[in-house]
Amino acid sequence: RLGSVVAYLTSAKFLLYLGHALSTWGDRMWHFAVSVFLVELYGNSLLLTAVYGLVVAGSVLLLGALIGDWVDKNSRLKVAQTSLIVQNASVILCGIILMIIFLFKTQLLTLYHGWVLTMCYILVITIANIANLASTATAITIQRDWIVVVAGEDRSKLADMNATIRRIDQLTNILAPMAVGQIMTFGSPMIGCGFISGWNLMSVCVEYLLLWKVYQKTPTLALKSAKVEESELKQLNVKKESDMKPAEGVQLIVEKDVTGFEPQQEKEVGCAARIAEPFVTFRDGWVAYYNQPVFLAGMGLAFLYMTVLGFDCITTGYAYTQGLSGSMLSLLMGASAVTGIMGTVAFTWLRRKCGLIRTGLISGLAQFACLILCVISVFMPGSPLDLTVSPFADIGARLFKNEPLATMASPERVFATGLPNLLNGSTTPAYSDPEMSPEPVPLISVSLLFAGVIAARVGLWSFDLTVTQLLQENVVESERGIINGVQNSMNYLLDLLHFIMVILAPNPEAFGLLVLISVSFVAMGHIMYFRFAQKTLGKQLFVCRTPDPKAAPDSSPPGNTSTV
């Protein structure tokens, strides 16, 4: 028994989990802390945080396909090591710059009328954005490629590994911000910067070693398709309406050793062609993504990002306006993590019972049914819904009267500075101006809202895992990087649209309308997935059966475009 435990702890699968846990822990600490740091630096204003979020979303949207193409064109170990080093080095450098700013902010303000400090802000946001792009490359290569190779041909093992990765994500999403928040609360932002820089310095060495061990224990990672043959391109770009037999679907391709591949003599390329190459790659990536047999499933997942029904800064900010304390909100976030983990368990069970595609259908129905509670909450007592109130009326009135705007505290800042309140149960005011504090309101509406959001995460994470595995199984290996890069771009695009939606209607009275729009986009996403499932399974769509664990999760009847 001891031997089996040792064998598991030294297996490639466990080492991959451990490396992902370290990487994700550092990521979550940094993403949480950088927003708080930017708020602290800019006089408790959300301006720098908003600029940072816009830059990050825009960069991944524009460069997602190019990052994926770079992942495809280089060996797995080189991609993983390069992205790991760039990501951690960027965070370390950013932390050092932030420490310098915190130490010498007063002096920097006097240099060249504050332009030196402004350049420091720009430098911090730029380097932090580079770290995020490197993190995107790491996620694509490890979670979309390495994990498939380590699992081999066993799709049940792949499903279990995907679920375990998501459980790690759920735990680190809660624990990492709490840890760094404690350090910043009982220490200082500068100590927080130093801790994160030190953590990344130590973590990068361990992660590098773990990657190397996984690579050594999995010889097939050294094999990678050098290019896509013409026949494979035809399969990849097959039109949705064409009739094919199941045997003619997307097949696994023969792997070729990248190290032994000798490219043909490249022709001299002109300067104009080199300049146009990134744009061509961008276009080809999106075209290839559109022509994937799982395109509608991927679009369905992306549409779920167009929502305010999550535990982001928007929903938590709304909760504060409705009178929820920091302690209560922290408990709700913990509950959401628990239901997220339940979703990963439900995914593995449903997949064994009903197959992969039907799991997505059941998960989608479960999520939408729970979100009905959010719709009901909009019309319940305590809901501030009032569409007659102009979103910018209060802002305009105060600007014309030359009065200072009441600034609502950033949820990240409240969470970081209010962690002691979690222990003693005291409340954190939503507004810095006492006169603007909302009067007590019935909690029926906000209670139903968060009940629906928390319960829906079971279906959400099960659906997310379903689409993730569909992309892993059905995208040809030599295109995994670019297709998943475009998928990330789509996710960020819809996420960016949801922030724009909030900017257009920022007042609490309009939040109910945002809830209704969000539920509508979730419904459209699941309708797209239903259409994908219908085209793939046909009349067998609602026939639930127990699949062969190592076989394809669902079999396609004649006339469908792919074998999923």
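Residues numbered from 1 in each chain as written. Predicted model: local features only at pLDDT ≥ 70, side-chain atom pairs only at ≥ 80, totals over all residues. Heavy atoms only, no water.

**Topic: the packing of helix H6 (residues 155-186) against helix H17 (residues 444-474)**
Rules: Only the contacting stretch of a helix is used when fitting its axis, a line to C-alpha atoms as for every element, and angles between N-to-C directions run 0 to 180 degrees. To qualify as a helix, a DSSP run of H or I must reach at least 4 residues; to qualify as a strand, a run of E must reach at least 2; elements of each kind are numbered from the N terminus. An angle below 35 degrees is read as roughly parallel, one above 145 as roughly antiparallel, one from 65 to 115 as roughly perpendicular, and any other as oblique. Helix crossings get a hand from a simple test, with the near helix turned counterclockwise from the far one by less than a right angle marking a left-handed crossing and a clockwise turn marking a right-handed one. We call two residues in contact whenever any of their non-hydrogen atoms come within 4.5 Å of each other.
Between H6 and H17, the least distance of the axes is 10 Å, while the angle of their chain directions is 135 degrees. Considered as vectors, H6 and H17 are oriented oblique to each other. Where H6 crosses over H17, the handedness of that crossing is right-handed. Counted together, Arg 155, Leu 158, Ala 159, Asn 162, Ala 163, Arg 166 and Gln 170 of H6 and Arg 457, Trp 461, Asp 464, Leu 465, Thr 468, Gln 469, Gln 472 and Glu 473 of H17 form the full contact between these two elements.

**A word on the confidence of the model for the chain**
Worth spelling out the cut-off: pLDDT runs from 0 to 100 and stands for how confident the predictor is about each residue.
Mean pLDDT over the chain works out to 79, with 77% of the residues at or above the 70 mark. Helix H10 (residues 295-303) holds the highest mean pLDDT among the elements of the chain, 96, whereas helix H16 (residues 419-424) holds the lowest, 34. Ignoring residues within four places in sequence, the model shows residues 227-267, a span with pLDDT below 50, making 67 contacts including any to other chains. Low pLDDT, under 50, characterises residues 395-438; the stretch is placed with 67 contacts to residues that sit more than four places away or in other chains.

**Quick word on the packing of H10 against helix H19 (residues 511-537)**
Packing of H10 against H19 leaves a shortest axis separation of 8 Å and a crossing angle of 165 degrees. As the angle between them shows, H10 and H19 are arranged roughly antiparallel. Considering how the two elements wind past one another, H10 and H19 form a crossing that is left-handed. The residues of H19 that touch H10, namely those facing Leu 296, Ala 297, Met 299, Gly 300 and Phe 303, are Phe 521, Met 524, Gly 525, Met 528, Tyr 529, Arg 531 and Phe 532.

**Examining the nonpolar core**
What counts here: As used here, the term nonpolar core means buried Ala, Val, Leu, Ile, Met, Phe, Trp, Tyr and Cys residues forming a set that is joined through side-chain atoms within 4.5 Å. A 1.4 Å probe rolled over the protein chains alone gives each residue an accessible area, and that area as a share of the maximum for its type sets the label: buried under 20%, exposed over 50%, partly exposed in between. Boundaries between domains were set according to an automatic or database domain assignment.
Val 308, Leu 309, Phe 450, Val 515 and Tyr 529 are the most contacted members of the largest nonpolar core, which has 65 residues in total. Among the elements that make up this core, the one with the highest residue count is H17 (11 residues). Two domains share this core, each providing at least three of its residues, namely domain 1 (1-223) and domain 2 (275-401 + 442-542). Counting 31 residues, the second largest nonpolar core, distinct from the first, contains Ala 33, Leu 98, Ile 101 and Tyr 121.

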